[in-house]
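# Structural description and commentary
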Amino acid sequence: MPDPNGFLRYDRRLPARRPVPVRISDWREVYPPAGEELVREQATRCMDCGIPFCHDGCPLGNRIPDWNDLVRTGNWDAAVESLHATNNFPEFTGRLCPAPCEAACVLGIAGGQPVTIKQVEVEIADAAAARGFTPRRIPTPSGRSVAVVGSGPAGLAAAQQLARAGHAVTVYERDDAIGGLLRYGIPDFKLEKRHIDARLAQLTAEGVRFRTGVNVGVDVTAEQLRAEHDAVLLACGALQGRDTPETPGRALRGVHQAMAHLVAANRAVATATTDEAAERRLARAVLPDGTPIDAAGKHVVIIGGGDTAADCLGVAHRQGAAGVHQLDLYPQPPTERDEARDPWPTWPWLLRNYPAHEEGGERVFAVAVQEFVDDGTGQVRAVRIAEVTVEKVDGRRVLTVVPGSERELPADLVLLAIGFEGTERQPLLEQFGVARNARGAVDARDDWQTDADGVFVAGDMHRGASLIVWAIAEGRAVAAAIHGYLGGVGALPAPVGPAAQPLAAR
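Residues numbered from 1 in each chain as written. Predicted model: local features only at pLDDT ≥ 70, side-chain atom pairs only at ≥ 80, totals over all residues. Heavy atoms only, no water.

### Let's talk about the overall build of the protein
- A tally of helices and strands in the protein yields 18 helices and 14 strands.
- For a compact globule of 506 residues, the expected C-alpha radius of gyration is about 23 Å, and the protein comes in at 23 Å, within 12% of that figure.
- Reported as C-alpha extents along the three principal axes, the dimensions of the protein are approximately 70 × 60 × 55 Å.
- Across the 506 residues in the protein, those meeting the buried criterion constitute 53%.
- Of the contacts made within the protein by residues no fewer than 6 positions apart, 70% connect residues no fewer than 24 positions apart.
- Summed over its atoms, the accessible surface of the protein is roughly 22,200 Å², and 51% of this surface lies on carbon and sulfur atoms.
- Across the protein, the centroid of the 53 positively charged side chains sits 1 Å from that of the 65 negatively charged ones. (Helix = DSSP H or I, 4+ residues; strand = E, 2+ residues; numbered from the N terminus. Rg over C-alpha atoms; globule rule 2.2 N^0.38 Å. Buried < 20%, exposed > 50% of the residue type's maximum accessible area, 1.4 Å probe, protein only. Contact = heavy atoms within 4.5 Å. Areas by Shrake-Rupley, 256 points an atom, 1.4 Å probe, with all protein chains shown as cover. Lys, Arg positive; Asp, Glu negative; His and termini not counted. Charge placed at Lys NZ, Arg CZ, Asp CG, Glu CD.)

Here is the structure:
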């Protein structure tokens, strides 16, 4: 029985972030662990609603009221079990998910304060990690083999589910380390890589094999993969960055895709020594060809207003940028939900202030880049912007430049964080006989198979760039489909179908 007065006795409260001057001098996570008293207090605010809409906000179907009440009563072991019943990696989602479950919390109606679901989740997960993740007992081998191409959250979730069902699973990753975007796309100040390593140790103990540095379609052909395995899962993500080739000056030196900057920075952090004197700068970030892409001492312009842009902002601060501007095409969002536009419990359009924004930099809304300005040597020196209005006409976005509003911002490094166009064009698609659709993603039938029999797809490669909870949910669901395809005994949980969409107003 929940505490019926908990939400009346306690306000929503999160642990204080590490002080800005301290945290921008290193790459450790922004949030320190919350004390048990705070976590139990916040869990007490959950009302265990008769109809828990937080379930509808989360594609994983997390048992949120259950583990909130278990934390409230101090039953942490049962809370860990309840949390892992629906989520393979809650320590990832608790750090990286924007928490659509909180937007759907009943306490958020009419501008109220939703339960800190995400914070309670990560504290439960960290409590489990502190004791060590216990590998599940390996069942009798099924004699069937599955190849998983890609080691992001969708691929890893599917691999774990299939291994626990007795299948032999091999994960192929073209990078030199497992984790996909979790490894080299997400900065350490959001997700320290020790969390990934702890899960990989658990998966390895459960029988999952990992092969890194293998580019399927190049180093190993699709034909070879089909010959060695009974089923193949494609979970290669959606890494094709959206570009602006029509913008004058796009080819100048110093103008890069945001992911190039993030990957280079993460690699630098991963290879740095632990020498305290090197803590701030670490190794300088460079591209694979040796081109510097470090923000140290530079004027940085980040184009885009989402998670990736905020990640670039935090990285630029830690690299010692001279100044940063973050540009957003759209007007500044409201600070409170507009019920006419985004009625509860849908995901609202709001001004979202990430920890990186309190660390410095300037946000500029309702502007569009008109030109990347050459310094005369082929290097960008400035970005020319103009104020714009944005309208939807026949379903298409139409921009109108405000006359006389053009100005220049200094820029030595420009990062394009304007979204993704789907999965990358790569040899494995042609070899498997699988095509990208108009959105740059790969379609799946009702059983999660692509146009190629025995070849399945899930995660961002299937639905386009999306949330980590959707990737894990699809990984779990495709594992259930593969298990059935292989003639596995019983059924695995399948929280979503291939056509599932986020909660939205109709």
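Next, the rest of the story.
### Here's the deal with the sheet that holds strand β7 (residues 323–328)
- Strand order in the open sheet made by the five strands is β5-β13-β6-β7-β8, with parallel pairing throughout. Two strands bound the open sheet, and with one partner strand each, they are β5 (255–257) and β8 (362–365). Direction aside, neighbouring strands of the sheet carry axes that sit 20° apart on average.
- Relative to the sheet, helix α14 (residues 258–271) contacts β5 and β13 (413–416), its axis offset from that of β5 by approximately 80°.
- Packing against the sheet, helix α15 (residues 307–319) makes contact with β6 (299–303), β7 and β13, and its axis sits at approximately 175° to β7. (Pairing = 2+ DSSP bridges. Axes fitted to C-alpha atoms, helices over the stretch in contact; angles between N-to-C directions.)

### A few points about the environment of Gly185
- Here Gly185 shows up in the loop between α11 (181–184) and α12 (194–205).
- Along the primary structure Gly185 and Ala163 are separated by 22 residues, whereas in three dimensions their C-alpha atoms are 26 Å apart.
- Not counting the four nearest positions on each side in its chain, Gly185 is found in contact with Gly180, Met259, Leu262, Asn266 and Asp311.

### So, the packing of aromatic side chains
- The tally for this structure, following the rule as stated, stands at four aromatic pairs.
- Here the aromatic rings of Phe456 and Tyr485 are separated by 5.4 Å at their centres, their planes lie at 75°, and the arrangement is edge-to-face. With Phe456 in strand β14 (residues 455–457) and Tyr485 in helix α18 (residues 468–485), the pair connects residues that are 29 residues apart, well separated along the chain.
- Look at Phe456 and you get buried, because its relative accessible area is 0%.
- Over the face of the ring belonging to Phe133 we find Arg199, whose NZ or CZ atom lies 3.5 Å from the ring centre. (Phe/Tyr/Trp six-rings, centres within 6.5 Å; stacked < 30°, edge-to-face > 60°. Lys NZ or Arg CZ within 6 Å of the ring centre and 35° of its normal.)

### Details of the nonpolar core
- Among the nonpolar cores identified, the biggest contains 71 residues, and Ile124, Leu233 and Ile482 are the most heavily contacted of them.
- The biggest single contributor to this core is α18, with twelve residues.
- Sequence-distant contacts of Ile124, defined by excluding residues within four places in its chain, comprise Trp67, Val71, Trp76, Ala79, Val80 and Leu83. (Core = buried A, V, L, I, M, F, W, Y, C linked by side-chain atoms within 4.5 Å.)

### Things to note about the side chain of Arg199
- For Arg199, the position within the fold is in helix α12.
- Among all residues touching Arg199, those that are not within four sequence positions of it are His84, Asn88, Phe89, Pro90, Glu91, Phe92 and Phe133.

### Side note on the packing of helix α10 (residues 153–164) against α12
- Viewed as axis vectors pointing N to C, α10 and α12 meet at an angle of 30°, and their least axial separation amounts to 10 Å. Judged on the interaxial angle alone, α12 and α10 are roughly parallel. α12 is crossed by α10, and the crossing has left-handed handedness. Within the contact between the two elements, α10 uses Leu156, Gln160 and Arg164 and α12 uses Leu200, Gln202 and Leu203.
- Of the residues contributing to the contact of α10 with α12, the split by class is three nonpolar, two polar and one charged. (Parallel < 35°, antiparallel > 145°, perpendicular 65-115°, else oblique. Left-handed = near helix turned anticlockwise from the far one by under 90°. Nonpolar A, V, L, I, M, F, W, Y, C, P; charged D, E, K, R; others polar.)

### Some points on the sheet that holds strand β2 (residues 168–173)
- Ordered in space as β3-β2-β1-β4-β14, the five strands form an open sheet in which the pairing is parallel. A single partner strand is all that each edge strand has here, and the edge strands are β3 (209–212) and β14. Each neighbouring strand pair of the sheet contributes to a mean axis angle of 20°, computed without reference to strand direction.
- Against the sheet, α10 touches β1 (145–149), β2, β3 and β4 (231–234), its axis set at about 165° to β2.

### Observations regarding the pairing of β2
- Extensive coverage of β2 is indicated by the burial of five of its six residues.
- In this sheet, β2 lies alongside β1 in parallel orientation, the contact comprising five bridges. Residue Ser145 lies in a different strand from β2, and its bridge partner there is Ala168.
- For the crossover from β1 across α10 to β2, the handedness is right-handed. (Right-handed = clockwise from strand over helix to strand, strands pointing away.)

### What about unusual backbone geometry?
- Omega for the bond connecting Trp344 with Pro345 falls within 30 degrees of zero, at 10°, which places this linkage in the cis form.
- Positionally, Pro345 belongs in the loop between β7 and β8.
- For Ala366, which is not a glycine, the phi torsion comes out positive at approximately 55°.
- Positionally, Ala366 belongs in the loop between β8 and β9 (367–374).

### Observations concerning the pattern of salt bridges
- Under the criterion given, the structure shown has 33 salt bridges.
- For Asp69, the salt bridge is made with Arg72, and the minimal N-O distance between the two is 2.6 Å. Of this pair, Asp69 and Arg72 are both found in helix α5 (residues 64–72), three residues apart, which corresponds to roughly one turn of the helix.
- Look at Arg72 and you get partly exposed, because its relative accessible area is 22%.
- Put simply, Asp188 and Lys193 hold a salt bridge, and the shortest N to O gap is 3.1 Å. (Salt bridge = Lys/Arg side-chain N within 4 Å of Asp/Glu carboxyl O.)

### Here we look at α15
- Between its first and last C-alpha atoms α15 spans 18 Å; for 13 residues at 1.5 Å apiece the expected length is 18 Å, and the two agree.
- Of all 13 residues making up α15, twelve are buried, and the element is well covered by its neighbours.
- A positive phi of about 90° marks Gly320, the residue just after α15. (Expected span 1.5 Å × (residues − 1).)

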